[in-house]
Amino acid sequence: MPVTARLSKAFYDSVGEKAANELVDWFNAVDAAYRADLRELNEINFARFDAKLEQRFSAQDSKIDQFRTEILAAMRAGFAEFDTELERRLGEQIRFMYLAWATMLAAIVAFGVR
């Protein structure tokens, strides 16, 4: 959409109708060329920006995947340690319960025999 340059009546009178119209046409052609160059430059810059953005997203995705892997490994190690400790404590508790039951059974048998 070229911008039509309008010149003053005095300029048309001094230069002439034909020369003034040629000057307006030249201004419009230059404007169209600059607009096309600007559009092309914007498209190139956007393509570069898009490529850099895609590269940064890929790098961020790999960092997130690495962090996820590290967190999962730490969680597995923590759960394994927790399971080991739980089994040890439950073993101690079961031994205590057997000892308590045996003591109560011995007391019941001793009072029953008497």
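The rules we used
Residues numbered from 1 in each chain as written. Predicted model: local features only at pLDDT ≥ 70, side-chain atom pairs only at ≥ 80, totals over all residues. Heavy atoms only, no water. Helix = DSSP H or I, 4+ residues; strand = E, 2+ residues; numbered from the N terminus. Buried < 20%, exposed > 50% of the residue type's maximum accessible area, 1.4 Å probe, protein only. Areas by Shrake-Rupley, 256 points an atom, 1.4 Å probe, with all protein chains shown as cover. Phe/Tyr/Trp six-rings, centres within 6.5 Å; stacked < 30°, edge-to-face > 60°. Salt bridge = Lys/Arg side-chain N within 4 Å of Asp/Glu carboxyl O. Patch = residues over 30% accessible without salt bridge, like charges linked within 9 Å, V, L, I, M, F, W, Y side chains within 5 Å. Lys, Arg positive; Asp, Glu negative; His and termini not counted. Charge placed at Lys NZ, Arg CZ, Asp CG, Glu CD.

Undergrad: So what exactly am I meant to see when it comes to the overall build of the protein here?
TA: Across its full length, the protein carries two helices and zero strands. In the protein, which comprises 114 residues, the share counted as buried stands at 4%. With the model as given, the accessible surface of the protein reaches about 10,500 Å², and the carbon-plus-sulfur share is 64%.

Undergrad: How do you make sense of the packing of aromatic side chains when you look at a structure like this?
TA: Each aromatic ring pair is described using two quantities: the centre-to-centre distance and the angle formed by the ring planes. Tallying each qualifying case throughout the model produces three aromatic pairs. Taking 5.3 Å as the distance between ring centres and 50° as the angle between the ring planes, the aromatic pair formed by Trp26 and Phe27 counts as tilted. Looking at Phe27, the relative accessible area reads 36%, which means it is partly exposed. Here Tyr98 and Trp101 contribute two aromatic rings whose centre-to-centre distance is 5.6 Å and whose plane-to-plane angle is 75°, an arrangement assigned as edge-to-face.

Undergrad: Help me out: how do you make sense of the pattern of salt bridges in this one?
TA: Where side chains of opposite charge bring their charged atoms close, a pairing between them can arise. Across all of its chains, the model carries four salt bridges by this definition. Put simply, Arg35 and Asp31 hold a salt bridge, and the shortest N to O gap is 3.1 Å. Pair noted here: Arg35 and Asp31 are both in helix H2 (residues 17-113), with a separation of four residues, about one helical turn. Arg35 gets classed as partly exposed once you look at its relative accessible area, which sits at 40%. Put simply, Arg88 and Glu92 hold a salt bridge, and the shortest N to O gap is 2.6 Å. Within this pair, Arg88 and its partner Glu92 are both found in helix H2, separated by four residues, close to a single helical turn. What emerges from the salt-bridge pattern is a single network uniting Glu85, Arg88, Arg89 and Glu92.

Undergrad: I keep staring at a nonpolar patch on the surface and nothing clicks. Help me out?
TA: Together, Ile94, Phe96, Met97, Tyr98, Trp101 and Met104 line one region of the surface with nonpolar side chains, adding up to about 680 Å² of accessible area. Residue position: Tyr98 is located in helix H2.

Undergrad: Is there a simple way to think about a negative patch on the surface in this case?
TA: Side chains of Asp50, Glu54, Asp61 and Asp65 sit close together on the surface and give a patch of like negative charge. Relative to the elements of secondary structure, Asp61 occurs in helix H2. Looking at Asp61, the relative accessible area reads 45%, which means it is partly exposed.

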